[in-house]
Amino acid sequence: MSTPPRGPVSMTRPIPRPGQPPRLLQSAGFRFALLFVGIFSVAAAFLVAVLWWATAGALDRQTIAAIRTDASALVERYRDAGAQGLIDAIEERLALDAEAETIYLLVNTQGVRLAGNLTAWPAAIAEEGVWFRTRILHDGATAEARIHRRDLPGLRLLVGRDESERVQLRLLLTEGVAWSLGAVLLFAVMGAAVIRRALQNRMRPVVATAQGIAAGDFSQRVPISPHGLEYGDEFDRLGATMNAMLDRIAALMAGMRGVADAIAHDLRTPIARARGKLEGSLATAATEEELRAAVEEGIADLDNITRIFQALLRIAEAEAGARRAAFAPIDLCEVLRDAAEFYEVMAEAREQTLETGMPERLPLLGDRDLLLQAVANLLDNAIKFTPAGGVVRLTARQDEQGIEIAVSDSGPGLSPEDRARAMDRFFRADASRNLPGSGLGLALVRAVAQLHAGEVMLGDAMPGASPPGLKVSLLLPGAGREGPGE
């Protein structure tokens, strides 16, 4: 069986599957265009309906009102003056009708015509019913008429209006509405096509960037319009969000590459040292005590390597957000007091003073264990680099911006060049090469701060003094402020 050729798969022309709808219907731009056509058409139909009701409908209502008023007046005349008075009223109205639009017919029960301009009772006028629309012979011509029938004692009365002109007007109006709806539909389709093309043009840079990233070019970014970040339409905000996401992914990948390189270089030495000690003890140990001491030193080196891997795992969990599910309301002051109580003994053993200053409560939504580990790392570094007789301070405060946890010492501090790299994994300043540690303490603090939507700031504890000491500030949002994922 032949092997299919391998190569990049095109992302612009997906292969249709059986039963899959046409590609045009799969387009979001086309569906938005259809939605636009539907909304536009419904709005146009509503407008036409309103116009029809206000024109043709108004004419119909006006005609009906005029016929009903005329018929009621004739009935009142019959009640006042009898049949002869009704006949005279009809004749008067016909004499005053210069446009010959009114229709009257008064007959008795035998069907004999008594008055009016109709020669005979129309066959379409049934025995039952009040309102009729029919064709009649009026003034020697066939006409469309609206008729109202009223039955009186011994008499039957028809009152109506000739609607021939109104029918013609209604036909013209209907034709105009039909042409208007056709034009509206045409403009709606054209507008839908313009909207679809505009959506495609705005989405094309996003698609091109995604395809470039998928092809392995991680330098691709979505272009933003010159005023996009200032005024921020939806597409520019989407592009800015994607760019921030890509920057974060690139930073994480660079961090992973840095971790791999650091592990290859920084862990090779303690592993080789542990192995060399064990091999040397096997070759040179003269007594069981010497062999045991060598094995204990090797175990200590391996324990240190294990701690490094555990620190790397905690950093990875924090940067990936895997610990966000453990967030819970906590009192940060309790965490700080626990850390201070533990490291106060270590500071006293090194003839140092650990001072604290914090309010009664600092409510926060976060991971207690990670925050405790971060503060512990800061205190451990401060005590490690502070000389005997020095002072280490742990303070906390809250303002409108959030919560600040600060650990300062009276040690040598860090140069500006070292501060820029201090939170990189496995970075160690020249002054700390001879001290125990792995260079992961501040990296973990930064990862914990980012997990809690905060940041870490480095500065001089005593500006202008010599040595200036080091102040590390952990800035966190307070309770109720939005963090990542909220």
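Structure first, text after, so check above.
### A few points about the side chain of Thr-134
Working step 1: For Thr-134, the location among the structural elements is in strand β3 (residues 131-138).
Working step 2: Assessed through its relative accessible area of 11%, Thr-134 is described here as buried.
Working step 3: In this view, Thr-134 contacts Ala-124, Ile-125, Ala-143, Glu-144, Ala-145 and Ile-147; residues no more than four positions away in its chain are not counted.

### A word on the pairing of strand β5 (residues 155-162)
Strand residues, when the strand is regular, have side chains that alternate between the two faces of the sheet.
Working step 1: Within β5, eight of the eight residues are buried, which leaves it mostly tucked inside the rest of the structure.
Working step 2: Where strand β1 (residues 102-108) and β5 come together, seven bridges link them in antiparallel fashion. Pairing of Leu-106 across the sheet is with Leu-157, part of β5.
Working step 3: With eight bridges connecting them, strand β4 (residues 141-152) and β5 associate as antiparallel partners. Counted as the bridge partner of Arg-150 is Leu-157 from β5.
Working step 4: Between β4 and the antiparallel strand that follows it, β5, lie two residues; Gly-154 among them carries a positive phi value of about 75°.

### Things to note about the packing of aromatic side chains
Working step 1: This structure, assessed with the given rule, holds one aromatic pair.
Working step 2: Where Phe-342 meets Tyr-343, the ring centres are 5.1 Å apart and the plane angle is 80°; that geometry is what we call edge-to-face.

### Thoughts on the sheet that holds β5
Working step 1: Spatial strand order, β2-β1-β5-β4-β3: five strands in an open sheet with antiparallel pairing. In the strand order of this sheet, the two ends are held by β2 (113-116) and β3, each with one partner. Strand-to-strand twist in this sheet, taken as the mean axis angle between neighbours without regard to direction, amounts to 30°.
Working step 2: Sitting on the sheet, helix α3 (residues 56-96) is in contact with β1, β2, β3, β4 and β5, with an inclination near 140° to β5.
Working step 3: In this fold helix α4 (residues 164-214) packs onto β3, β4 and β5, with an angle of close to 120° to the strand it touches most, β4.

Cut-offs and rules
Along each chain, residues carry numbers from 1 onward, in the same order as the chain's sequence is written. Only residues with pLDDT of at least 70 get local features here, since the model is predicted, and only at 80 or more are side-chain atom pairs given and counted; chain-wide, interface and lining totals rely on the full set of residues. Computation of side-chain values covers all heavy atoms of the structure but excludes hydrogens and water. Strands are runs of DSSP state E lasting at least 2 residues, helices are runs of H or I lasting at least 4, and numbering of each runs from the N terminus. Only protein chains enter the accessibility calculation, which uses a 1.4 Å probe; a residue whose area is less than 20% of its type maximum is buried, one above 50% is exposed, and one in between is partly exposed. Note on definitions: a residue-residue contact is assigned when non-hydrogen atoms from the two residues lie within 4.5 Å. When DSSP finds two or more bridges between two strands, those strands count as paired. Centre distance within 6.5 Å is the pairing criterion for rings of Phe, Tyr and Trp, where only the six-membered ring of Trp is used; planes under 30 degrees apart are then read as stacked, over 60 as edge-to-face, and the remainder as tilted. Interaxial angles span 0 to 180 degrees and are taken between N-to-C directions of axes, which are lines fitted to C-alpha atoms, for helices over the stretch in contact.

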